[in-house]
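Secondary and tertiary structure notes
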Amino acid sequence: MLLQVKNLHFSYTPNKKLFNNLSISIDEGQIIALAGESGCGKSTLLNLIYGLLDWEDGQILLNGTRLMGPKGNLVPGEKDMKFVAQTYDLMPYSTVSENVGKFISNINLHEKKMRVHELLKVVGMEDFADIKPQFLSGGQQQRVAIARALSVLPKLLLLDEPFSNLDFSRKIELRERLFNFVKQNNLSLIISTHEIQEVMPWLDRITVLQDGRLIQNDSPKETYLNPYNSYVAKLFGEVNVLTDAEKDSLKLGRHLWYPHQIKVAAQGEPAKVLESRFAGSSYWNRVMIDSIPLVIYTDHALSGTVNLHFIEQSERL
Ligand SMILES: Nc1ncnc2c1ncn2[C@@H]1O[C@H](COP(=O)(O)OP(=O)(O)OP(=O)(O)O)[C@@H](O)[C@H]1O
């Protein structure tokens, strides 16, 4: 086990505990997402792991060695870890290359230059090598900070919302190169995100926090197919949440239904179409079975009345 957080207790204010006996772990080479709504404690947990905040009780172990937090380190941070927070802490008067090369040895300058170039390519910033960070956008600065963190090949990399400042096409490019780099170098990664769908293909595990509590810690597939509650299901996008009475009246096996799990079919529950809107890869439809409102996705526009078939677990792979 690379990292173990054991029975952690932490509060910012004396009368409100954020973490009350929190435990999580990560194996070497694993990529895990720390997911949950804004304010659930993702950034705080990353700060605690990296040693920027003192905890009240519990243990954090890296490779079996107990970490001491800020009390135990003259310089904040842990040497086998790198953390890219939501503020990037770049050297404003040094160039992008100098920032990325900050932790790389000067013994072989040619090798250092090549290495910096390679890292800048990973984050798509090779054209900005000689620019100073003060002239870069927030998203560009974030990418420079990621390249600098990768430069030391940390055993454990902590990224707090690394794609939050990027537009869609940059995000797609960066996430693929970043995850490939992490996998090829056998780094372990904890990435905090609101947008779980964006990183899902690369994840080994999703750790979900709700108000500082760990509520689910499973593979992406298990988390998606068997979410612990509607809060978890909603991390993946829209979801229909049925009450007990609605579930029973439709004779269904569960309360939570993603829109694509409800199909228009020749036979099924009759539903009235209230709205049908083009949404790119599908049509977004609001329909109603008796007084039960539902959202479903279809590949064509709907109108009038349609029959709906609910795809139960047993019908899936
Ligand atoms: N310095 C602080 N002092 C007091 N309370 C804080 C402080 N920083 C965060 N909090 C509170 O602790 C809780 C967890 O905050 P945290 O930033 O860890 O959440 P988060 O899940 O990372 O949110 P986001 O996704 O918006 O970044 C929130 O209720 C927040 O208001």
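Above this text you will find the structure in question.
Residues numbered from 1 in each chain as written. Predicted model: local features only at pLDDT ≥ 70, side-chain atom pairs only at ≥ 80, totals over all residues. Heavy atoms only, no water.

The next thing to look at is the sheet that holds strand 1 (residues 3-13). In spatial order, the strands read 2-1-4-5; together these four strands make up an open sheet with antiparallel pairing. The sheet terminates laterally at strand 2 (16-26) and strand 5 (65-66), the two strands that pair on one side only. Strand direction decides the pairing type here: strand 1 and strand 4 (residues 57-62), joined by five bridges, are antiparallel. When the bridges of strand 4 are listed, K6 appears paired with Q59. Along the sheet, helix 1 (residues 42-50) contacts strand 1, strand 2 and strand 4; its crossing angle with strand 1, the most-contacted strand, is approximately 115°. (Pairing = 2+ DSSP bridges. Helix = DSSP H or I, 4+ residues; strand = E, 2+ residues; numbered from the N terminus. Contact = heavy atoms within 4.5 Å. Axes fitted to C-alpha atoms, helices over the stretch in contact; angles between N-to-C directions.)

Bringing the pairing of strand 16 (residues 292-298) into the picture now. Of all seven residues in strand 16, five are buried, a share of seventy percent or more. Bridge count for strand 15 (residues 283-289) against strand 16 is seven bridges, and the pairing is antiparallel. Of the residues in strand 16, the one forming a bridge with Y283 is T298. Hairpin connection, strand 15 to strand 16: the antiparallel pair is bridged by two residues, and D290 has positive phi, about 50°. (Buried < 20%, exposed > 50% of the residue type's maximum accessible area, 1.4 Å probe, protein only.)

Put simply, helix 3 (residues 109-122) and helix 5 (residues 168-184) touch, their axes get as near as 9 Å, and they point 130° apart. Comparing the axis directions of helix 3 and helix 5 gives the class oblique. Taken together, the residues of helix 5 that come into contact with helix 3 (itself represented by R115, E118, L119, K121 and V122) are L174, R177, L178 and F181. Among the residues making up the contact of helix 3 with helix 5, the classes are represented as five nonpolar, no polar and four charged. (Parallel < 35°, antiparallel > 145°, perpendicular 65-115°, else oblique. Nonpolar A, V, L, I, M, F, W, Y, C, P; charged D, E, K, R; others polar.)

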